[in-house]
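Examination of the molecular architecture
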Amino acid sequence: MTDDEVLNEFRAAGALLEGHFKLSSGRHSGHYLQCARVLMNAARAERLAAALVERMPQDLVSAIGAVVSPAMGGIIFGHEIGRALGKDAMFVERPTGTFELRRGFALAPGQKVLMVEDVVTTGLSSREAIAAIESAGGSVIGMASLIDRSAGQAVFDMPYFALLKMDFPTFPADDLPPDLAEIPLSKPGSRNA
Ligand SMILES: O=P(O)(O)OC[C@H]1O[C@H](OP(=O)(O)OP(=O)(O)O)[C@H](O)[C@@H]1O
Ligand SMILES: O=C(O)c1cc(=O)[nH]c(=O)[nH]1
Ligand SMILES: [Mg+2]
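The structure displayed is predicted, hence computed values, not measured ones. (Residues numbered from 1 in each chain as written. Chains lettered and ligands numbered in written order. Predicted model: local features only at pLDDT ≥ 70, side-chain atom pairs only at ≥ 80, totals over all residues. Heavy atoms only, no water.)

Attention shifts here to the sheet that holds strand E9 (residues 170–171). Taken together, the 3 strands give an open sheet; going across it, the order is E1-E2-E9, and neighbouring strands pair in antiparallel fashion. The sheet is open, and its two edges are formed by strand E1 (16–22) and E9, each paired on a single side. Relative to E9, strand E2 (residues 28–33) runs antiparallel, the two being bridged by 2 bridges. Directly across from serine 29, in E9, lies its bridge partner threonine 170. (Pairing = 2+ DSSP bridges. Helix = DSSP H or I, 4+ residues; strand = E, 2+ residues; numbered from the N terminus.)

With that settled, consider the packing of helix H1 (residues 3–12) against helix H3 (residues 42–54). In the contact formed by H1 and H3, the axes pass within 12 Å of each other and the chain directions differ by 160 degrees. Considering their axes alone, H1 and H3 lie roughly antiparallel with respect to each other. In terms of crossing hand, the pair formed by H1 and H3 is left-handed. Across the interface between the two elements, Val6, Glu9 and Ala12 of H1 pack against Arg44, Arg47 and Leu48 of H3. When the residues that make up the contact of H1 with H3 are grouped by side-chain class, the tally is 3 nonpolar, no polar and 3 charged. (Axes fitted to C-alpha atoms, helices over the stretch in contact; angles between N-to-C directions. Parallel < 35°, antiparallel > 145°, perpendicular 65-115°, else oblique. Left-handed = near helix turned anticlockwise from the far one by under 90°. Contact = heavy atoms within 4.5 Å. Nonpolar A, V, L, I, M, F, W, Y, C, P; charged D, E, K, R; others polar.)

Right, let's talk about the nonpolar core for a bit. For soluble globular proteins, nonpolar side chains are generally found buried alongside one another. With 34 residues, the main nonpolar core has Phe10, Phe77, Ile81 and Leu146 as its most contacted residues. Secondary-structure elements contributing two or more residues to this core are H1, helix H2 (35–39), H3, helix H4 (58–63), helix H5 (74–85), strand E6 (112–120), strand E7 (139–148) and strand E8 (160–165). Take this core: its biggest share by element is 6 residues, from H3. (Core = buried A, V, L, I, M, F, W, Y, C linked by side-chain atoms within 4.5 Å. Buried < 20%, exposed > 50% of the residue type's maximum accessible area, 1.4 Å probe, protein only.)

A few words now on the packing of aromatic side chains. What the rule picks out here adds up to 3 aromatic pairs. Between phenylalanine 156 and tyrosine 160, the ring centres sit 5.3 Å apart and the planes meet at 85 degrees, which makes this aromatic pair edge-to-face. By relative accessible area, phenylalanine 156 is classed as buried at 13%. (Phe/Tyr/Trp six-rings, centres within 6.5 Å; stacked < 30°, edge-to-face > 60°.)

Neighbouring ligand 1 are 18 residues; Glu117, Asp118, Thr122, Ser125 and Ser190 lie closest to it. At a separation of 3.0 Å, an oxygen atom of ligand 1 approaches a polar side-chain atom of arginine 94. In isolation ligand 1 exposes 490 Å². Once the protein is present, 93% of that is buried. The site holding ligand 1 turns out to be the largest pocket. Tallying contributions element by element places E6 first for the shell around ligand 1, with 4 residues. For the shell around ligand 1, a count of residues per class yields 5 nonpolar, 9 polar and 4 charged. (Near = heavy atom within 4 Å. Polar contact = N/O pair within 3.5 Å; in protein donor to acceptor, adjacent residues only side chain to side chain. Areas by Shrake-Rupley, 256 points an atom, 1.4 Å probe, with all protein chains shown as cover. 1 Å grid on protein atoms, 1.4 Å probe; cavity = no way out; pocket = protein on both sides within 12 Å on 5 of 7 lines; lining within 4 Å. Sits in = over half its atoms within 2 Å of the grid points.)

This part is about the UniProt feature "binding site: 5-phospho-alpha-D-ribose 1-diphosphate" (unreviewed entry) in the protein chain. Within the UniProt annotation, "binding site: 5-phospho-alpha-D-ribose 1-diphosphate" (unreviewed entry) is assigned to Glu117, Asp118, Val119, Val120, Thr121, Thr122, Gly123, Leu124 and Ser125. Cross-referencing the annotated residues with the largest pocket identifies Glu117, Asp118, Val119, Val120, Thr121, Thr122, Gly123, Leu124 and Ser125 as lining it. Tracing the backbone shows valine 120 in strand E6. Dropping the residues within four chain positions of it, valine 120 is found in contact with Ser126, Met143, Ser145, Ile147, Asp148, Arg149, Ser150, Ala154, Phe156 and Tyr160. Within the fold, leucine 124 resides in helix H6 (residues 124–135). (UniProt positions renumbered as here; feature names shortened; annotations may be inferred.)

Now the structure itself:
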């Protein structure tokens, strides 16, 4: 799947948003990729996940024992990546502020995990999810996301595959461009909601 084809899936889903958004990291942006709108269509979600798995090297694919995603945004895409790999997909969640495996999900000691996100901006959520998987006994051998909008800033210790890289600027809350500051703020994600 080409970059244009992935972008067209976002356009068709009305998921390329412009406005003033507070991101998970606390940074602000005039652009938001609402992956939930893309993934609300099961056939589209399946297609995008299969396209991403096709890009992964076979030795990595065959080593993956399970998929784990950070809730909320990562759950649907992780599930679809699990379908494409033929592996179980679990998720970590943060009811008390820190990601943990719940709901009877468990990892065998050293179980090889692919960590799957919907979008990576600073990489903070991904690093927190990886830490939770490792403290539950898993070994994260790879990472995947639908979108990487980190512009190369998010660097991980394991191979990382993203279906589409986007480079939208983000700003600290106390240093907003005037044209962005005058747009009413919204916070679509659920961290600290
Ligand atoms: O790379 P980062 O700077 O951490 O940003 C990306 C994270 O932000 C969003 O989640 P969010 O925390 O908004 O919560 P949600 O997944 O529950 O919507 C998204 O789903 C990623 O997890
Ligand atoms: O950084 C984020 O919170 C974020 C950015 C984005 O474009 N889409 C999203 O779902 N989250
Ligand atoms: Mg998230």
